[in-house]
Amino acid sequence: LASLILFFAFEADRHWLQHFSPAAGRRSMKLVPIAALFAMQNQLLFVGVHNLDPPAFQALNQLKIITAGIFSVVLLKKSLSSVQWISLAMLASGAA
């Protein structure tokens, strides 16, 4: 309730209704497949916790970083430079 009051007190005079336009809805729909895939991946991670030893689970868990890069290219049509791909690989391998 307090956040709603603060929102209308400070943000109501700005153009906050633009975030509820049909164009904003269409842009947001691009994120639905990615969100569904992450939800499915998180459910599978719970299965992995029960069935894998910790090092194997941690290594497989880092695949989220790589899949985020791949899905941002495939589904959102973003382009990643070679430096960004190498950074993703280093981040995934370093966290494991």
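Calculation notes
- Residues numbered from 1 in each chain as written.
- Predicted model: local features only at pLDDT ≥ 70, side-chain atom pairs only at ≥ 80, totals over all residues.
- Heavy atoms only, no water.
- Helix = DSSP H or I, 4+ residues; strand = E, 2+ residues; numbered from the N terminus.
- Buried < 20%, exposed > 50% of the residue type's maximum accessible area, 1.4 Å probe, protein only.
- Contact = heavy atoms within 4.5 Å.
- Areas by Shrake-Rupley, 256 points an atom, 1.4 Å probe, with all protein chains shown as cover.
- Patch = residues over 30% accessible without salt bridge, like charges linked within 9 Å, V, L, I, M, F, W, Y side chains within 5 Å.
- Salt bridge = Lys/Arg side-chain N within 4 Å of Asp/Glu carboxyl O.
- pLDDT = per-residue confidence, 0-100.
- Lys, Arg positive; Asp, Glu negative; His and termini not counted.
- Charge placed at Lys NZ, Arg CZ, Asp CG, Glu CD.

J.: Requested: an account of the overall build of the protein, with residues and values cited.
T.: A count of helical and extended segments in the protein gives 6 helices and 0 strands. Going residue by residue from the N terminus, the α and β elements of the protein occur as α-α-α-α-α-α. Out of the 96 residues in the protein, the part that is buried amounts to 14%. Summarising the internal contacts of the protein: among those between residues at least 6 apart in sequence, 45% fall at separations of at least 24. Accessible area for the protein stands at about 7500 Å²; split by element, carbon and sulfur atoms hold 71% of it.

J.: How would you sum up a nonpolar patch on the surface? Please name residues and give values.
T.: Taken together, the side chains of Leu1, Leu4, Ile5 and Phe8 define a hydrophobic patch exposed on the protein surface, amounting to about 460 Å² of accessible area. In this structure, Leu1 sits in the segment before α1 (2-10).

J.: Now, about the side chain of Gln41: what can you tell me, with residues and values included?
T.: On the secondary structure map, Gln41 appears in helix α3 (residues 32-51). Once you skip the residues sitting within four places of it in the chain, Gln41 turns out to touch Leu63, Lys64 and Thr67.

J.: I'd like to hear about the confidence of the model for the protein, residue by residue, with values.
T.: On average, residues of the protein score 81 in pLDDT, and 88% of them are at 70 or above. When pLDDT is averaged over each helix and strand of the protein, the minimum, 75, is found for α1 and the maximum, 88, for α3.

J.: Summarise the environment of Ser79; cite the residues concerned and give the values.
T.: Examined against the element boundaries, Ser79 turns out to sit in the loop between α5 (63-74) and α6 (82-95). Since its relative accessible area comes to 67%, Ser79 is described here as exposed.

J.: So, a positive patch on the surface: which residues are in play, and what are the values?
T.: Judged by side-chain charge, Arg26, Arg27, Lys30 and Lys77 come together as a positively charged surface patch. In this fold, Lys77 is placed in the loop between α5 and α6.

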